[in-house]
Structure formats: C-alpha cells, structure tokens
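Structural characterization, general
Single-letter residue listing:
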Amino acid sequence: MNPHSPYIIAVENWDYKPEIEYAFSHLLRSLGINFALLPAHEIAESAWLYYGRNKPRFPASFYIPESEFFDLYFQKKLPSKEWLLSVDRSMQDVRASNVLEADIVAATFFVTSGYEETIIPDRDHAGRFPANRSLRWPGLIKRPLVDEWAQSMSKSFKFESHRINSRFAIALSHDIDSLNKGTLEALYDRLIRHPDRHTLSAIWRIITEHLQHGDLYDNLHDLVKNEKARDVRSTFYMLKKTGYSEDANYEWNEPSVLNWMRDIVAEKWEIGLHGSFFSLTDKAFLVQEKRELEQVLGHSVRGGRQHFLRFTIPDSWTTQSDAGFFYDTTLGYADAIGFRNGLARPFQPFDVQTRKRLTIWEMPLVIMDATLKQYLGLSAEKAYSQSTEILQSVRQVNGMVAVLWHNTYFTSYKYPGYAQVYWQIIDWCKKNGGTCGPAGELLDHYLARESK
Ligand SMILES: [Zn+2]
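Just so we're clear, the structure is a prediction, and the values are computed from it rather than from any experiment.

What to know about helix 11 (residues 283-297)
Here helix 11 contains 15 residues, and its C-alpha end-to-end distance of 21 Å stays within 8% of the 21 Å for a straight helix at 1.5 Å per residue. Here helix 11 has its buried residues at Leu 286, Glu 289, Lys 290, Leu 293, Glu 294, Val 296 and Leu 297. Along helix 11, the residues classed as buried sweep out an arc of 165 degrees about the axis, all on the same side. Away from the buried face of helix 11 by more than 90 degrees, exposed residues Ala 284 and Gln 295 are located. The inward-facing, buried residues of helix 11 contact helix 10 (255-266), strand 7 (270-275), strand 8 (303-306) and helix 12 (315-322). Between a side-chain oxygen at the N-terminus of helix 11 and the backbone nitrogen of Ala 284 the separation is 3.1 Å; the capping residue is Asp 282. Where helix 11 ends, the next residue or the one after it, Gly 298, has phi of about 80 degrees, a positive value.

This is the structure:
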C-alpha cells in the first residue's frame with residue numbers, strides 16, 4: 001500500500017457525506033490510510049471500498065453495509081442500544097473477509113460525535129451529561145470502542161498499519177481550584193466526617209505541617225519538585241477567582257502564584273486555563289479569562305479544561321474555538337472513568353448541528369481523581385487497578401489521553417493514598433513503554449507524527 005495516494009471510497013448515501021467522511025477519518029487515519037470519498041453513482045469502474053445499502057454494482061475490494069442510522073435517526077432520535085451492541089459484538093469476532101457484517105461507519109459517527117448527548121436531555125446538578133445515560137453504559141464506556149473497531153476492521157480486511165511503532169502517551173494534568181483552605185478541610189474531615197482512634201494524632205500532624213509549610217493545598221512547589229524527581233512534566237490549568245464560591249480562592253497575580261507560574265513555564269511545564277464555572281455558557285467570561293491569564297503570564301495560552309468538567313457537546317467546543325483555544329481536554333465523565341466519545345487519541349470534534357468538523361483539538365480525559373474517590377468511592381488500591389485497566393486499553397491502541405489529579409489530592413489527610421496513585425500511574429506508564437508529559441506538548445508531537 002502506498003500511504004500517499006488516496007484510496008477511493010464509494011458512498012451511496014451522499015446526503016451524509018460530512019458525517020461519513022468524519023467516521024472514516026477515525027477508522028482509517030489512525031492506521032495511516034489516506035482516502036477520498038466519491039458518490040457511488042458517479043463511479044463506473046471500481047473502488048477500493050464501498051459503503052451503502054445495496055451491494056456494489058462495480059468491483060470493490062471491501063464492502064461495509066449501511067444501516068438505517070443516517071436516513072431514519074440522524075438529527076431526530078436515538079438508535080437502540082441493541083444496534084450499538086450488535087455492531088460491537090460483530091467487531092469483537094471478525095474473521096478475514098472483505099465484507100463487514102456491521103455498519104461501523106454510522107456507529108463510529110454516532111460514538112465519536114457525541115451524538116447521543118445532543119438528543120438525550122438528562123443532566124446532573126452541575127449541568128453535566130451523566131455517564132449512565134449513555135447507550136454505552138456500563139461496559140462500553142470503559143473501552144476506546146472506535147479505536148478497537150478500527151483495529152478489528154484492519155484485521156478483517158488485512159490492512160497493514162503504518163502506525164505500529166507509535167508509543168502510547170498520557171498527558172499529566174492538574175486543575176488548580178484551591179490553594180488554601182486545605183488545612184481547614186483536613187481538620188474538618190478528620191474531626192467531624194471521619195473521626196477514629198487516630199484523629200488526635202492526625203490533628204497534631206496537620207497543625208504541625210501547617211505551621212512548618214503553610215496551608216496544605218499550597219503544595220504546587222512540592223508537586224513540581226516530585227515530578228522533576230521522576231523526570232516528567234505536566235500541565236496546570238489555572239482557575240480564576242471570579243467571586244463565585246465554586247471558583248478559585250487565589251489570585252493569578254499574587255506574587256507567590258505568579259512567580260511559581262513563570263518559573264515552571266521556564267522549565268517547560270505548561271500553564272492552561274481552567275475555565276470558570278459560568279464560562280461554559282458565557283463566552284465573554286472565557287475570552288476575558290484567557291486574555292487575563294495571558295497578560296499575567298506574558299505569553300499565549302493554548303489549552304484549557306472547564307471547571308467541574310461542565311461541558312456541552314458541541315457548543316462548548318464552539319465557544320472555546322471562538323475564544324481562540326487550540327485544544328481542550330475536558331471531555332470525560334465526572335461520574336465515571338472511561339471514554340466519552342470512544343476514542344483514545346486527540347481528535348477534531350464534529351458539530352452535529354452545523355454538520356461540520358471543528359478546528360479545535362480535543363485530548364480525551366479518561367481518568368480524574370475525584371471520579372475515583374468521590375463518585376466511585378474507591379480505595380487507593382482499587383483506584384490504581386481500575387486506572388491501569390483503562391490505561392492498558394489506551395496502550396493497546398497506541399493512544400494518547402489525559403489524566404487529571406488536582407493539587408488537593410496530594411494531601412494525605414483527606415484523600416489517603418491518592419497522591420501515591422498518581423505516582424504509580426506515571427511509573428506504570430514508563431514501565432510499559434509510554435510517554436508522559438504536558439498536554440499541549442504531547443498534542444504537538446501527535447500532530448507532527450500524523451502529518452508525516
Ligand atoms: Zn475545577
């Protein structure tokens with residue numbers, strides 16, 4: 001195969017060209033296969049692959065049968081869960097053949113575009129889409145479905161991949177919501193919420209630590225020092241103090257914060273914007289916050305993640321694009337670990353309403369500390385084993401995803417053992433041949449590799 005000349009894909013249902021092209025880009029580009037779509041009725045001689053309801057009337061090396069999704073459901077309603085499960089079942093069990101039994105093109109579009117979230121109205125108390133409303137709940141959200149389907153398809157069609165040697169990667173990131181109140185929260189937690197026979201000695205240690213090092217959440221220097229000791233760097237997403245109680249309790253231009261940001265940027269850590277609570281719905285906030293952070297830092301801010309993981313598909317991407325962001329890394333569930341759009345790699349989102357691919361890049365967020373602890377109630381040991389299960393599936397498809405550890409999770413009183421889970425994940429990544437680093441830098445590497 002010559003990866004430079006495009007392979008012709010004949011498409012019967014040309015009305016849905018943007019959606020079909022988007023799906024094929026996920027199925028084929030990760031394999032390094034370059035393709036072009038043509039309307040089937042304009043092709044007289046042959047095509048490389050045929051996608052349609054009818055059997056091709058000219059020679060085609062491969063055939064994918066089209067389901068009713070685009071004609072009957074698109075922009076109107078939700079397909080059945082069984083439809084999606086049956087696609088996955090048939091892709092789990094592929095044999096060498098030049099015909100697929102399932103419509104992975106429509107299913108890929110359905111999953112990667114976040115289509116279900118544009119149809120299902122349910123949201124939680126913070127306005128977020130609950131993981132258990134997904135058609136992929138519970139089992140399929142834990143797998144990078146589309147990357148796995150692409151691998152199965154290449155096995156069935158016997159494609160050779162041009163991307164075999166790429167390494168999987170984990171973007172390390174921290175949302176900085178709070179730099180104080182850590183001592184108070186630790187005392188409250190040990191005295192009121194979880195008192196036990198160790199409470200008195202814990203209180204003593206908390207107060208001693210506070211007297212020696214200041215507030216327990218004022219730990220950014222230590223965090224960077226510990227990353228440095230392991231020879232990794234990360235991204236810090238900084239939240240603005242807006243006056244709203246859920247937003248930051250520190251100022252960007254406090255000398256201690258400002259000097260720390262400048263120092264770590266000089267050492268190639270990344271600073272991004274953690275969009276404030278209401279910036280999800282008010283673009284003016286996001287624009288203003290980005291500009292302010294850039295003024296404070298003296299350089300541009302390329303990426304961000306929204307506070308509380310508040311994110312509406314597809315509107316939030318449009319808002320971020322308009323505000324000048326190059327990438328976002330909010331796309332994960334607050335209440336579950338896993339893959340919100342079935343991909344374990346950076347991608348350009350698709351706007352289901354305007355039917356266009358957007359220019360912003362999304363780095364999927366697959367694991368957040370608060371999900372493991374607050375939503376799933378896991379011990380540190382279980383948090384680690386469930387995290388590595390997810391990351392193992394990223395590794396198997398040579399993916400690139402983000403994990404999020406708040407600075408507040410590096411204090412041992414409220415979240416015992418959780419700091420260690422972060423360091424163990426880094427050790428696991430390195431031991432298994434992966435790369436860890438700041439989101440923006442990894443994304444640049446990914447795009448440079450893709451454009452080759
Ligand atoms: Zn936050």
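Details of the packing of helix 7 (residues 182-193) against helix 8 (residues 199-213)
Helix packing geometry: the angle between the two helix axes and the distance between the axes. It is the contact of helix 7 with helix 8, at a shortest axis distance of 10 Å, that shows an interaxial angle of 175 degrees. Considering their axes alone, helix 7 and helix 8 lie roughly antiparallel with respect to each other. Contacts between helix 7 and helix 8 involve Thr 183, Ala 186, Leu 187, Arg 190 and Leu 191 from the former and Thr 199, Ala 202, Ile 203, Ile 206, Ile 207 and His 210 from the latter. By residue class, the composition of the contact of helix 7 with helix 8 is 7 nonpolar, 3 polar and 1 charged.

Brief notes about the sheet that holds strand 2 (residues 35-39)
If you walk across this open sheet you meet the 4 strands as 2-1-3-4, and the pairing is parallel. The open sheet is flanked by strand 2 and strand 4 (60-65), the only strands paired with a single partner. Pairs of neighbouring strands in the sheet enclose a mean axial angle of 25 degrees, with direction left out of account.

Comments concerning the pairing of strand 5 (residues 169-176)
When you tally the buried positions in strand 5, you get 8 out of 8 residues, the bulk of the element. Alternating positions in strand 5 separate into two faces, Ala 169, Ala 171, Ser 173 and Asp 175 on one and Ile 170, Leu 172, His 174 and Ile 176 on the other, with burial throughout. As paired strands, strand 5 and strand 14 (residues 400-404) are joined by 5 bridges and run parallel to one another. Within strand 14, the position partnered with Ser 173 by the bridge is Leu 404. Bridge count for strand 5 against strand 15 (residues 435-437) is 3 bridges, and the pairing is parallel. If you follow Ile 170 over to strand 15, its bridge partner there is Cys 436. Pairing between strand 5 and strand 6 (residues 235-239): 4 bridges, direction parallel. Across the sheet, the residue bridging to Ile 176 is Met 238, located in strand 6.

Thoughts on the domain arrangement of the chain
Segmenting the chain into domains produces domain 1 (7-157) and domain 2 (169-180 + 217-450). Between domain 1 and domain 2, the C-alpha centre-to-centre distance is 29 Å. Here domain 1 packs against domain 2, burying approximately 2900 Å² in sum over the two surfaces, 52% of which is carbon and sulfur. Put simply, domain 1 and domain 2 have 3 salt bridges between them.

A word on helix 7
Three or more residues of helix 7 are buried, namely Gly 182, Thr 183, Ala 186, Leu 187, Asp 189 and Arg 190. For helix 7, the buried positions fall inside an angular range of 160 degrees around the axis, keeping them on one side. Opposite its buried face, helix 7 presents the exposed residues Leu 184, Ile 192 and Arg 193, each directed more than 90 degrees away. Looking at the buried side of helix 7, the elements it contacts are helix 8.

What counts and what doesn't
- Residues numbered from 1 in each chain as written.
- Predicted model: local features only at pLDDT ≥ 70, side-chain atom pairs only at ≥ 80, totals over all residues.
- Heavy atoms only, no water.
- Helix = DSSP H or I, 4+ residues; strand = E, 2+ residues; numbered from the N terminus.
- Expected span 1.5 Å × (residues − 1).
- Buried < 20%, exposed > 50% of the residue type's maximum accessible area, 1.4 Å probe, protein only.
- Arc of directions from axis to C-beta.
- Contact = heavy atoms within 4.5 Å.
- Polar contact = N/O pair within 3.5 Å; in protein donor to acceptor, adjacent residues only side chain to side chain.
- Axes fitted to C-alpha atoms, helices over the stretch in contact; angles between N-to-C directions.
- Parallel < 35°, antiparallel > 145°, perpendicular 65-115°, else oblique.
- Nonpolar A, V, L, I, M, F, W, Y, C, P; charged D, E, K, R; others polar.
- Pairing = 2+ DSSP bridges.
- Domains from an automatic or database assignment.
- Buried area = accessible area lost by both parts, 1.4 Å probe.
- Salt bridge = Lys/Arg side-chain N within 4 Å of Asp/Glu carboxyl O.

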